[in-house]
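# Descriptive structure summary
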Amino acid sequence: MTIDLHAHSTASDGTTPPADLPRLAARAGLTVVALTDHDTFAGLALAAPAAAEAGVELVPGVEISCRLDDAEVHLLGYFADPADASLAAELELIRTDRARRAVRMVERCRELGAPITLAQVAAIAAGAPLGRPHIAAALVAAGVVTDAFTPDWLADGGRADVPKHVLPTTAAIALVRAAGGTAVLAHPRSSKRRAEVSDAQLATLAAAGLAGLEADHPEQPPEVGRRLREVAAELGLLTTGSSDFHGDRKPVRLGDFTTAPEVLAALRPAAVP
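In short, a report on the structure.

What counts, and where the lines are drawn
By convention here, each chain's residues receive numbers from 1 onward along its written sequence. Side-chain atom pairs in this predicted model are given and counted only at pLDDT of 80 or more, local residue features only at pLDDT of at least 70, and totals for whole chains, interfaces and linings cover all residues. To obtain the side-chain values, all non-hydrogen atoms of the structure were included, while hydrogens and water were left out. Between 30 and 60 degrees the pair is tilted, below 30 it is stacked and above 60 it is edge-to-face, where a pair is any two Phe, Tyr or Trp rings, Trp via its six-membered ring, whose centres lie within 6.5 Å. Whether a charge lies above a ring is judged from NZ of Lys or CZ of Arg, which has to be within 6 Å of the ring centre and within 35 degrees of the ring normal. Strands are runs of DSSP state E lasting at least 2 residues, helices are runs of H or I lasting at least 4, and numbering of each runs from the N terminus. Partly exposed residues are those whose accessible area sits between 20% and 50% of the maximum for their type, while under 20% is buried and over 50% is exposed, using a 1.4 Å probe and protein chains only. Working note: the arc is built from the helix axis to C-beta atom directions. Note on contacts: a residue pair is in contact if any heavy atoms of the two residues lie within 4.5 Å. For this analysis, a nonpolar core means a set of buried residues of the types Ala, Val, Leu, Ile, Met, Phe, Trp, Tyr and Cys, connected via side-chain atoms within 4.5 Å. Lines are fitted to the C-alpha atoms to define the axes, a helix being fitted only along its stretch in contact, and any angle between axes, read from their N-to-C directions, falls within 0 to 180 degrees. Angular relationships are summarised with four words: roughly parallel below 35 degrees, roughly antiparallel beyond 145, roughly perpendicular across 65 to 115, and oblique for the angles in between. Here is the rule for handedness: rotate from the far helix to the near one, and if that takes an anticlockwise turn smaller than a right angle the crossing is left-handed, while a clockwise turn gives right-handed.

By the definition in use, this model includes zero aromatic pairs. Looking at Arg-159, its charged tip hangs above the ring of Trp-153, at a distance of 5.8 Å from the centre.

In this structure, Ala-126 takes a positive phi of about 50° despite not being glycine. Following the sequence through the fold, Ala-126 ends up in the loop between α4 (118-125) and α5 (132-141). For His-187, which is not glycine, the phi torsion reads 25° and is therefore positive.

What follows covers helix α2 (residues 44-54). For α2, every residue scored as buried is listed here: Leu-44, Ala-47, Ala-50 and Ala-51. Viewed end-on, α2 has its buried residues packed into an arc of 130°, placing them on one side of the element. Exposed residues on α2 whose side chains face more than 90 degrees from its buried face are Ala-45, Leu-46, Pro-49, Ala-52 and Glu-53. Buried residues along α2 sit against α1 (21-27), β2 (32-35) and β3 (57-68). Backbone geometry just downstream of α2 places Gly-55 in the positive-phi region, at approximately 75°.

In this section: the side chain of Thr-16. Looking at the element boundaries, Thr-16 is found in the loop between β1 (3-7) and α1. Discounting chain neighbours no more than four positions away, the residues touching Thr-16 are Ser-9, Thr-10, Leu-21, Leu-24, Phe-245 and Gly-247.

Turning our attention to the nonpolar core. Within the largest apolar cluster, 44 residues are counted, with the highest numbers of intra-cluster contacts made by Ile-64, Leu-75 and Leu-185. When residues in this core are grouped by element, the largest group, five residues, is from β3. Residues in contact with Leu-185, not counting those within four places in the same chain, are Val-73, His-74, Leu-75, Val-197, Leu-202, Leu-205, Leu-210, Gly-212, Leu-213 and Glu-214. Among the nonpolar cores identified, the runner-up in size contains 19 residues, and Ile-116, Ala-125, Leu-130 and Trp-153 belong to it.

Turning to the packing of α4 against α5, a few remarks are in order. Running from amino to carboxyl end, α4 crosses α5 at an angle of 115°, the nearest separation of the two axes being 9 Å. One finds that α4 runs roughly perpendicular with respect to α5. The crossing of α4 and α5 is right-handed. Taken together, the residues of α5 that come into contact with α4 (itself represented by Val-121, Ile-124 and Ala-125) are His-134, Ile-135, Ala-137 and Ala-138.

Purely geometric numbers; function is a separate question.
What follows is the structure in structure tokens.
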């Protein structure tokens, strides 16, 4: 088995339609792929028939925006029931707030002199929930910047950034578990994020029911992955490897980082064959 447990579609901020993702996964030599769009399960219904046709197992997932102390982190929820009322309500709140945030961020960009409009950002999103990557693409297309994720523009805490509604990470873990799923912390020490998750914070999350952490990831050098595996072993956590595929938005291919079959087996709830 070749397993990639972190991929996005146009249901959030990826560029690949959900129905095309399993076909791409099969061409990449994957036997299992997880669809983990940001704060939504919307792509699963479209991806599932395509996965069956392509002969690829589709792991249902979601990537939830969370707060850990004063930093934002992302939690991957696998095998949770999309119809669970509490989880669905929280994801809806996050998505609604994301739309408000996107409108205000475009306004801030314009206040800073960027000639972009909400209509242009919506056209780039092409029906997906509006988010920072779409605003960043509009800034690049307008010739304002070559990289919008800087303190001058859209980086966390940047001049055009706007805070958003996020759950405490321990609450997100509890929601995923209550919905029948298992929770893995995404890219806890990404080189592109303001704050790294400390060993002490990982211990707190493990005590709250975290099942694992993403050790192998494009934004984490090999030495970081090795250290994360050591910490995971000390805390009794599983470790995954994933591409965090976003289509054309990132220079990463499906299957660039993978997860061991025994780890996927351990992540499955008992009721899942």
